[in-house]
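Working through the structure, step by step
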Amino acid sequence: MIGSLVWCVGFFFESVGDSQLAVFIKDPNNKGKLMQRGLWKYTRHPNYFGEVTQWWGIFIIALSVPYGWISIIGPITITFLILKVSGVPMLEKKMELNPEFAEYKKRTSMFIPLPPKKDL
């Protein structure tokens, strides 16, 4: 049950984050702006957080079967790749070109959803 709940939290963040971003990008008034509303107010990468969380949920579910602990390879690998290799680092580098990013970065958690810091 816990694994399923963790997976559902991840699915929510990934699907809602992607949907919010798609709507934001389609609006021509947002050209050149950073998405900073909805889930994006609490984490700069809600969709990546969701993806990683789903993998950890699957791992927790797998613990209920013999040798399920071996499945830890999946969430460890995807967490490493998203946080250190391809996901967050590449997108953060691209986002640094936007003048709004410096303030957004100070205010918003990089990965784990947290309340935004007060305006500095």
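Structural data are supplied above this passage.
Scoring rules and cut-offs
Residues numbered from 1 in each chain as written. Predicted model: local features only at pLDDT ≥ 70, side-chain atom pairs only at ≥ 80, totals over all residues. Heavy atoms only, no water. Helix = DSSP H or I, 4+ residues; strand = E, 2+ residues; numbered from the N terminus. Buried < 20%, exposed > 50% of the residue type's maximum accessible area, 1.4 Å probe, protein only. Contact = heavy atoms within 4.5 Å. Lys, Arg positive; Asp, Glu negative; His and termini not counted. Charge placed at Lys NZ, Arg CZ, Asp CG, Glu CD. Polar contact = N/O pair within 3.5 Å; in protein donor to acceptor, adjacent residues only side chain to side chain.

Right, let's talk about the overall build of the protein for a bit. Helix and strand counts for the protein come out as five helices and zero strands. Mapped in sequence order, the helices and strands of the protein form the string α-α-α-α-α. Residues classed as buried in the protein amount to 32% of the 120 residues present. Restricting the contact set of the protein to residue pairs at least 6 apart, pairs at least 24 apart contribute 64%. Of the charged side chains in the protein, 14 are positive and 9 negative; the average position of the first set lies 4 Å away from that of the second.

Another point: the environment of K31. Topologically, K31 is positioned in the loop between α1 (2-26) and α2 (46-62). Owing to a relative accessible area of 75%, K31 belongs among the exposed residues under this scheme. Expressed as a C-alpha distance, the spacing of K31 and W55, which sit 24 residues apart in the sequence, is 33 Å.

Quick look at the side chain of Q54 now. Topologically, Q54 is positioned in helix α2. Note on Q54: relative accessible area 10%, which makes it buried.

Structurally, the position occupied by R44 is in the loop between α1 and α2. Residue classification places R44 among the buried positions, given a relative accessible area of 5%. A distance of 3.2 Å separates a polar side-chain atom of R44 from the backbone oxygen of K105. Filtering out sequence-adjacent residues up to four positions away, R44 remains in contact with E92, F101, Y104, K105, T108, S109 and M110.

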